[in-house]
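If you want the building blocks of each chain, they are given just below.
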Amino acid sequence: MARVYKNAGVEAAKQVGQSNALDSVAARVESAARSRAASHGSLPSNISTTKIRGKSGVTDRFIALDHPEAENIEFGHLARDGKTWVPGLWIMYGAFNSIGGSG
């Protein structure tokens, strides 16, 4: 009879979290996001990647648009007139999808 180690998934995720491959993918997404934001002034300087450690000890990468209006920039918002919809730029979502992500 086969035995399955119940923490195998966590252990595998810990190994992946330490890998250069995950850093490489995160760098590709960050680069794609900066490219998508390039025509919007200093916006690319607000995009960065941080390593974060979860409660199970798994290290992941967090790629963020750190800007006070990040939600409005990404998803869109009503203009100051309260009537006109300003479409979002979908910078982060588009960057992820451009490197072969799905979501």
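Criteria and thresholds
Residues numbered from 1 in each chain as written. Predicted model: local features only at pLDDT ≥ 70, side-chain atom pairs only at ≥ 80, totals over all residues. Heavy atoms only, no water. Salt bridge = Lys/Arg side-chain N within 4 Å of Asp/Glu carboxyl O. Helix = DSSP H or I, 4+ residues; strand = E, 2+ residues; numbered from the N terminus. Buried < 20%, exposed > 50% of the residue type's maximum accessible area, 1.4 Å probe, protein only. Contact = heavy atoms within 4.5 Å. Phe/Tyr/Trp six-rings, centres within 6.5 Å; stacked < 30°, edge-to-face > 60°. Expected span 1.5 Å × (residues − 1). Arc of directions from axis to C-beta. Core = buried A, V, L, I, M, F, W, Y, C linked by side-chain atoms within 4.5 Å.

1. So, the pattern of salt bridges
Part 1 of the reasoning: As enumerated under the stated definition, the model contains four salt bridges in all.
Part 2 of the reasoning: Lysine 14 is the salt-bridge partner of glutamate 11, the closest N and O atoms lying 3.6 Å from each other. With glutamate 11 and lysine 14 both in helix α1 (residues 8-17) and three residues apart, the pair spans about one turn of that helix.
Part 3 of the reasoning: Classification of lysine 14 by relative accessible area gives partly exposed; the value is 29%.
Part 4 of the reasoning: Each of Asp23, Lys51 and Arg61 takes part in salt bridges that share partners, so that together they form one network.

2. A look at the environment of methionine 92
Part 1 of the reasoning: Secondary-structure assignment places methionine 92 in helix α4 (residues 91-98).
Part 2 of the reasoning: Methionine 92 sits in the buried class, given a relative accessible area of 17%.
Part 3 of the reasoning: As a C-alpha pair, methionine 92 and arginine 36 span 56 residues in sequence and 8.5 Å in three-dimensional space.
Part 4 of the reasoning: Those residues in contact with methionine 92, other than ones at most four positions away along the chain, are Ala33, Ile47, Ile63, Ala64, Leu65 and Glu74.

3. Describing the packing of aromatic side chains
Part 1 of the reasoning: Within this structure, the stated rule accounts for two aromatic pairs.
Part 2 of the reasoning: Note on phenylalanine 75 and tryptophan 90: the rings are 5.1 Å apart at their centroids and 80 degrees apart in plane angle, and the pair reads as edge-to-face. Of this pair, phenylalanine 75 sits in helix α3 (residues 70-75) while tryptophan 90 sits in the loop between β4 (85-87) and α4, placing them 15 residues apart in sequence.
Part 3 of the reasoning: According to the relative accessible area criterion, phenylalanine 75 is partly exposed, its value standing at 46%.
Part 4 of the reasoning: An angle of 75 degrees between the planes, with centres 5.7 Å apart, marks the rings of tryptophan 90 and tyrosine 93 as edge-to-face.
Part 5 of the reasoning: Note on tryptophan 90: relative accessible area 37%, which makes it partly exposed.

4. Points about helix α2 (residues 20-37)
Part 1 of the reasoning: Across its 18 residues, α2 extends 26 Å between first and last C-alpha, which sits within 8% of the 26 Å expected from 1.5 Å per residue.
Part 2 of the reasoning: By the burial criterion, the buried members of α2 are Ala26, Val29, Glu30, Ala32, Ala33 and Ala37. One face of α2 carries all of its buried residues, which in axial projection span an arc of 160 degrees. Along α2, exposed side chains directed more than 90 degrees from the buried face belong to Asn20, Ala21 and Ser35.
Part 3 of the reasoning: On its buried side, α2 packs onto β1 (47-53), β2 (59-65) and α4.

5. Looking at the nonpolar core
For soluble globular proteins, nonpolar side chains are generally found buried alongside one another.
Part 1 of the reasoning: Core analysis: the biggest nonpolar cluster contains twelve residues, these being Val29, Ala32, Ala33, Ala37, Leu43, Ile47, Leu65, Ala70, Ile73, Ile91, Met92 and Ala95.
Part 2 of the reasoning: Looking at this core, the elements that each hand over two or more residues are α2, α3 and α4.
Part 3 of the reasoning: Ranked by the residues each element gives to this core, the list is headed by α2, at four residues.
Part 4 of the reasoning: Residues contacting alanine 37, with those up to four places away along its chain left out, are Leu43, Pro44, Ile47 and Ile91.

The analysis is restricted to geometry; functional conclusions fall outside its scope.
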